[in-house]
Each structure stands twice: as structure tokens, then as C-alpha cells.
Amino acid sequence: MSTNHIEQKKNLDLNDPTFYNNRELSWLAFNERVLEEAIDERNPLLERLKFLAIFSSNLDEFFMVRVAGLKDQVKAGFNRPENKAGLTPKQQLKRISEKTQQLVRLQDNMFCETLLPMLYHEGVHFLAIDEVTNEQMTFLEERFNHYIFPVLTPMAIDAYRPFPMLLNKSLNLAVLLKEDNRQQEKERLAIVQVPSVLSRFIQLPTRDDKQQFILLEDVISHFIGVLFQGYKVLSVSPFRITRNADLTIHEEGARDLLREIEKELKKRKWGATVRLEMQEGLMESKVLNLLLDVLEVHSNDVYSFKGPLDLSFLFKLYGKLVSEFEHLANENFIPQPPVDLINEENIFHAIDKKDIFLHHPYESFHPILDFLSMAADDPSVLAIKQTLYRVSGDSPIIHSLARAAEQGKQVTVLVELKARFDEENNIQWAKKLEKAGVHVIYGITALKTHSKITLVVRHENNKIQRYVHLGTGNYNDSTAKLYTDMGILTSEEDFGIDATNFFNYLSGYSDKPVWNHISTAPFQIRETFIDAINQEISAHLQTGNGRIIAKMNSLTDKPIILKLYEASQAGVKIDLIVRGICCLRPGIEGVSENIRVRSIVDRFLEHSRIFYFHHGGQESIFLSSADWMTRNMEKRIEILFPIYSPNIKQRIIEVLNITLKDNVKAREQDKTGHYHYVACHNGETPIQSQLAFYEMAARFNEDY
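Now for a description of the structure that goes with this document. (Residues numbered from 1 in each chain as written. Predicted model: local features only at pLDDT ≥ 70, side-chain atom pairs only at ≥ 80, totals over all residues. Heavy atoms only, no water.)

Another point: the pattern of salt bridges. Taken as a whole, this structure holds 36 salt bridges when the rule is applied. Glutamate 277 is paired through a salt bridge with arginine 275; the nearest N and O atoms lie 3.7 Å apart. An identical accessibility class is assigned to glutamate 277 and arginine 275; each is buried. The salt bridge partner of arginine 609 is aspartate 627, with a shortest N-O separation of 3.0 Å. With a gap of 18 residues between them, arginine 609 in the loop between β22 (605-606) and β23 (610-613) and aspartate 627 in the loop between β24 (620-624) and α17 (630-634) connect regions that are remote in the sequence. Through salt bridges with shared partners, a single ionic network connects Glu36, Glu37, Asp40, Arg42, Lys665 and Arg667. (Salt bridge = Lys/Arg side-chain N within 4 Å of Asp/Glu carboxyl O. Buried < 20%, exposed > 50% of the residue type's maximum accessible area, 1.4 Å probe, protein only. Helix = DSSP H or I, 4+ residues; strand = E, 2+ residues; numbered from the N terminus.)

The strand order across the open sheet formed by three strands is β1-β6-β5, and the pairing between neighbours is mixed. Strands with a single pairing partner mark the edges of an open sheet, and in this sheet they are β1 (124-126) and β5 (201-204). Across this sheet, the average inter-strand angle for adjacent strands is 30 degrees, counted without regard to direction. As paired elements, β1 and strand β6 (residues 211-215) share three bridges and run parallel to each other. (Pairing = 2+ DSSP bridges. Axes fitted to C-alpha atoms, helices over the stretch in contact; angles between N-to-C directions.)

A few words on the packing of helix α2 (residues 23-39) against helix α3 (residues 45-75). Contact pair α2 / α3: the axes reach a minimum separation of 8 Å and the direction vectors enclose 165 degrees. It follows from the interaxial angle that α2 and α3 lie roughly antiparallel. Remark: the crossing between α2 and α3 carries left-handed chirality. In contact with Arg23, Glu24, Trp27, Leu28, Phe30, Asn31, Val34, Leu35, Glu37, Ala38 and Ile39 of α2, α3 contributes Arg48, Phe51, Leu52, Ile54, Phe55, Asn58, Leu59, Phe62, Arg66 and Leu70. (Parallel < 35°, antiparallel > 145°, perpendicular 65-115°, else oblique. Left-handed = near helix turned anticlockwise from the far one by under 90°. Contact = heavy atoms within 4.5 Å.)

Among the nonpolar cores identified, the biggest contains 108 residues, and Leu555, Leu564, Leu576, Leu584 and Trp628 are the most heavily contacted of them. Take this core: its biggest share by element is 13 residues, from α3. The next biggest cluster of nonpolar side chains, apart from the first, holds 45 residues, and it includes Ile441, Met486, Phe502 and Met696. (Core = buried A, V, L, I, M, F, W, Y, C linked by side-chain atoms within 4.5 Å.)

In this section: the pairing of strand β15 (residues 453-460). Among the eight residues that make up β15, seven are buried, leaving the element largely enclosed by the rest of the structure. By the bridge criterion, five bridges tie strand β11 (residues 381-388) to β15 in an arrangement that is antiparallel. Residue pairing for β15: isoleucine 384 is matched across the bridge by valine 456. Two elements, β15 and strand β16 (residues 463-471), share eight bridges in a ladder whose sense is antiparallel. Bridging across to β16, valine 457 finds its partner in arginine 466. The turn joining β15 and β16, which pair antiparallel and follow one another in sequence, is formed by two residues; a positive phi near 50 degrees is taken by asparagine 461.

As C-alpha cells, then:
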């Protein structure tokens with residue numbers, strides 16, 4: 001490289017907004033990739049429907065939290081540009097609206113014009129009310145009168161009955177009415193909420209083997225006159241609202257965080273409206289204008305659909321159809337026994353022999369459940385300590401922890417009450433654990449505890465032996481079947497000491513300990529990564545073979561992005577595997593031409609966080625609960641831990657290499673921030689990394 005070229009790179013302003021993607025628009029680009037899976041004809045029909053449901057559910061959360069936050073900033077008069085792409089809150093909202101309008105039109109067209117006809121071809125029909133037979137109409141009338149009507153509540157709007165406070169994410173019907181036999185009587189409006197406690201779709205009786213369904217709102221709309229005796233129904237318009245659902249928790253002044261969050265959860269349903277969804281052609285302008293006025297919604301925040309609102313009901317449709325239409329769904333993957341535990345009956349003895357590696361969902365999550373269950377019942381176990389961020393509805397882990405406490409073991413659990421949209425669930429688990437005698441703590445003021453760590457203290461052979469699990473994912477046996485994650489089980493003494501100090505730091509009063517192996521956030525993890533990148537730059541300048549591979553959910557942290565740009569300018573080859581948000585732009589000459597960014601969206605949610613540094617052949621590998629996001633670096637308690645076992649290192653490197661070869665489900669980001677499928681060229685073997693990992697796990701078990 002010439003001296004002039006080096007000087008030019010040094011003189012570049014790395015804060016130039018064109019070198020970055022805006023966080024919110026990058027998230028929308030991720031959700032667009034989810035939508036692409038619904039469009040992808042290589043996916044079976046039911047899987048495509050499920051991706052439409054995921055897209056809808058994702059968009060709900062985005063509006064409830066991210067869009068709501070931007071609207072709060074605008075309302076407060078905050079107009080400072082964000083620190084990467086340089087967009088003000090108003091500019092972000094405008095671009096979000098434009099992009100989202102484009103995406104929901106694509107989603108709507110895909111459902112109505114492609115997937116519904118495909119379902120019809122397979123013998124699954126969604127009928128309009130005017131398509132049902134006389135026999136089916138009799139069935140619907142009976143069902144309405146005895147099952148639906150008793151649940152409905154008509155809400156009139158007049159001087160004595162103001163516009164009702166509608167629930168977040170609720171589906172409603174705006175009913176325009178006129179009193180019978182009065183020519184000059186003014187029109188009246190009423191609201192009927194479509195009950196969320198009832199199924200969104202009703203299966204109709206048929207005389208053949210076809211499956212026919214009708215949507216609940218269509219049935220209510222047809223019979224809605226029953227609710228308004230003496231009035232003529234002029235129109236019925238389905239609409240749906242999304243509210244600000246972020247919690248405002250005053251932690252500093254709270255004497256009891258659990259009660260404070262319980263109070264705030266009650267307010268979540270009633271936050272400011274941030275989005276209005278409606279069906280095209282059904283809502284009269286006077287009704288729409290009234291809704292815009294009373295809900296205080298801007299016309300840019302109105303989204304209209306030809307098809308039904310809120311396609312998240314397709315999750316339940318998938319569940320109903322999948323057993324009968326197996327050919328329209330992906331083949332079931334059965335998680336395999338972890339290769340490191342094959343032929344091992346006692347998990348503690350297995351960990352004593354070597355560190356155990358776990359790769360979910362290709363390898364089963366059951367060893368973690370067994371680890372805790374055995375610890376609960378083992379008389380040699382003295383104490384169990386664990387962090388819980390998100391757990392399943394009927395969590396076997398909770399039952400094991402409660403059982404251990406009831407048997408007199410010292411059990412300490414940190415339950416993160418601020419895990420967004422799991423707050424209510426976690427409050428219930430915290431109360432259950434406390435009743436069982438578990439010492440429950442909620443973390444440290446102003447920080448979320450996002451770490452994934454378990455410590456089991458066992459008395460054996462006249463000494464204390466500590467067993468530690470560290471992972472990248474939650475202790476949730478349900479999502480462990482759907483999310484890709486990694487973890488290790490170890491009895492190495494210094495890891496045990498670190499785990500002990502970590503829990504004491506969370507539960508007591510002390511300065512942050514000096515760790516033997518782990519690094520923690522806030523702040524220290526970022527320092528560890530920046531040091532590792534600096535080492536890679538130094539090694540590259542000596543050897544010319546600098547290499548970084550990092551896999552995570554999202555990348556937003558500017559100090560780390562700046563350091564990656566610096567490494568790229570020095571010639572270090574960098575591969576980033578970022579499922580979701582990525583504020584870094586690769587391939588920019590003089591800035592990031594040595595960086596590639598890939599994203600994989602497939603049947604499992606990519607969730608593992610893996611970090612590889614070549615270091616001149618002295619390879620370093622870390623796993624972590626943390627993404628390269630500012631919130632993970634500064635506002636959460638996270639753990640980063642090194643991998644020392646040569647065998648486990650090799651397995652993780654193989655995972656990274658296969659992931660980088662994916663040419664079926666991988667997309668690559670270009671220098672403008674847009675993503676494109678990685679092409680599988682003629683003669684090239686198609687590699688779908690998630691399928692490859694399952695086949696590897698199955699092959700390991702066959703070999704044994």
C-alpha cells in the first residue's frame with residue numbers, strides 16, 4: 001500500500017453519516033428479510049404463512065417500542081440527529097413510515113394474491129360471508145347466538161358515553177348506525193371489540209374433505225345488527241390500534257421494584273396510539289377522520305390492507321393444519337443428544353472429565369434441564385445460583401429450583417423483572433420461587449441482567465466442587481427448540497471462582513471483582529473487544545493474515561464500529577454474521593472494503609454470539625450473552641467468556657466456516673446498506689448452514 005493511500009485513509013472522517021445505517025431502518029431491513037422468507041418459493045406453504053405471522057408480530061413490537069420512543073422524542077422537542085446516520089427523530093419517523101407502507105403492501109399482496117390461492121388449491125379455503133352455504137350459515141347463526149354474542153359489548157359514542165379506551169393491539173369494529181324510521185336522524189357511531197379470547201378463525205362444517213374457515217370479525221360484522229335493535233347498520237369497518245408499550249420505571253425512588261413494575265404493567269395497555277390499521281374500502285372517511293382525531297394519530301401512521309388485519313393469527317392456523325398437511329411444512333428436526341454427553345449417565349462426572357459443549361437446537365437442551373434437576377435432588381449439592389431472563393410458561397427449571405429450596409439447599413435466583421414483554425411472566429415466577437424458599441433478587445439499579453449463567457456448588461471427596469454453565473441464550477426450554485445458541489458446562493476452578501464472585505457482586509454490596517476468565521458489562525466487555533481488535537491489527541501488521549469473525553444478533557455500538565473500520569483500513573479481513581440490525585456498512589473503499597456482512601434468516605432464529613480472533617495463529621474464541629450494541633455494552637449486566645478446550649474451539653470454528661459458506665439462506669449487505677441473497681453459482685454445492693448443523697449432530701450420534 002502506498003504512503004499516499006495510507007494518508008488518504010487517515011484523513012477520512014469516519015463519522016461521515018454515509019458510512020452508517022440508521023438503527024431503525026436497519027431493523028426494518030431485517031424484517032424485510034423475514035418477509036422474503038414468506039415470498040421464497042423454496043419454503044413449504046405453511047412455513048411461508050408462519051413467516052408472515054412473524055413479520056406481523058415483529059412489526060407490532062417495533063411500533064410499540066421503537067416508533068413510540070421516537071414519537072416521544074418529537075413530542076418533547078428533541079431534534080438532535082442520532083450519532084451514526086445523522087437522522088433526526090422526525091426524519092426517522094418519515095422514512096420508517098415510507099418503508100413500512102411498502103412492506104405491508106408486499107405482505108398484504110403476498111397473503112391475498114399468492115398464499116391464499118395456494119391454500120385453496122390444497123383444499124384449505126377461507127370464505128367470505130357471502131360464500132357460505134345455507135347449512136353453514138345456520139351453523140354460524142347458532143355459534144354466534146350461543147358462543148360469540150354473550151362475549152360482545154357494544155360501546156355507543158355520544159355525550160354521555162365518550163370514545164372508549166381501546167386496548168393495545170385490539171381488533172375492533174367501527175359501526176356506523178342510523179335509527180330506523182327516521183329520515184333526518186343523524187348517524188351514530190359505536191365500537192365493538194373483536195374478543196381476543198375467541199379464536200380468530202372458525203372452522204365451517206363441510207360435506208367433503210376440504211377444510212373451510214371464516215374469520216371471526218366477518219361473522220360478527222354479519223350479525224352485528226342484533227346488538228343494535230332499532231337501528232340500521234350503515235357500515236362496519238375493522239380497525240386495529242397499536243399503543244406505546246414501553247415502561248417508565250422510576251428505579252431510583254422505588255422501594256420495591258416488583259410492585260413498581262406491576263403498577264406500570266397496568267398502564268401499558270393504555271399508552272399513546274402510534275399506529276392505526278384498517279381495511280381498504282370498508283371505512284367511510286367520516287369514521288376515519290373521527291378515529292384520527294380521538295386517537296391523535298397522524299395520517300402517515302395509517303396502514304390499510306385488502307386482506308385481514310393482524311396476520312399473527314397464522315401462528316395458530318399453522319398449528320391447526322401442520323399435522324394433517326405435513327407435506328406443506330418443514331420436516332421436524334429432533335434435537336440430538338450432545339456428542340460430549342453420549343454414554344455419560346452422570347452429568348457431574350462427565351463435566352469432571354472435560355468441558356462439555358452444547359449447540360442448540362441441533363443438540364438437545366435437556367442436559368441443562370437434567371443438570372438442574374439432578375442438582376435439586378443430589379444430597380451432595382449445597383447451593384444453586386442462576387440468572388433468569390426469559391423462561392417458558394411451565395418451566396421445568398423453575399420447578400427444579402423450587403424443589404431444591406424446599407429440600408433445604410441454598411438457592412439464589414436473579415429474575416430480571418425488566419425483560420421486555422416478559423415482565424408479567426417473570427413477576428409470577430419470582431413470587432412462586434420466593435414462596436418455595438428461594439432467595440430472589442432483581443439485579444442492580446438502572447441495569448438489566450442479561451447474563452446466562454448457572455452455578456452449582458457440590459460437596460464431594462471432602463472438598464467443594466463448583467460446576468458452571470455459561471451460555472449465549474435464555475434458560476427457556478421452549479425457545480431452545482427454535483433459537484440457535486451455544487453454551488459450555490465446566491468444573492474448571494477459576495470459572496467457578498468467577499461465577500461465585502459474579503453472584504456475590506449481584507446480591508451484595510461490593511466493587512466489581514477482578515475476574516480470572518470472564519469479562520462483564522457494563523463497559524468491560526467493550527474494552528475487551530477493543531483490545532482484541534487492537535491485537536489483531538498488530539498481529540496483521542506483522543504477519544499479514546489478520547482475521548476476525550463475529551456472529552451476533554445486532555451491531556450498533558459506534559466505538560466498536562469505529563475500531564472495526566480501523567482494522568479494515570489496516571487490512572484485517574473481517575466477516576460479520578449479523579442476523580438483525582447492522583449500523584456498519586461494509587465494502588466502502590478506504591473505510592470498510594475488508595469487511596463483509598452476512599445475515600441468515602431461516603427456520604431457526606440465529607441467536608448465538610460468537611467472536612473469533614486469529615491473533616497470528618494463537619486463536620482466541622469467545623462466547624457471550626452480549627451483542628455489539630450500546631445497550632449491551634453500557635446498560636446491561638452481560639458475560640463474555642473465553643473457550644479454552646481445543647476440541648470445542650475446533651467445533652466452533654467449523655460452525656463459523658459453514659455459516660460463512662451458506663449460499664441458500666444467507667444475504668450479504670452491500671456498501672449502500674441493501675441486502676441480497678448470496679448466489680449459488682452453477683456447479684456450486686448448495687449449503688444451508690442450519691440443515692448442515694443438524695446433519696452434523698445426527699452424524700455424531702450415528703458414529704457413536
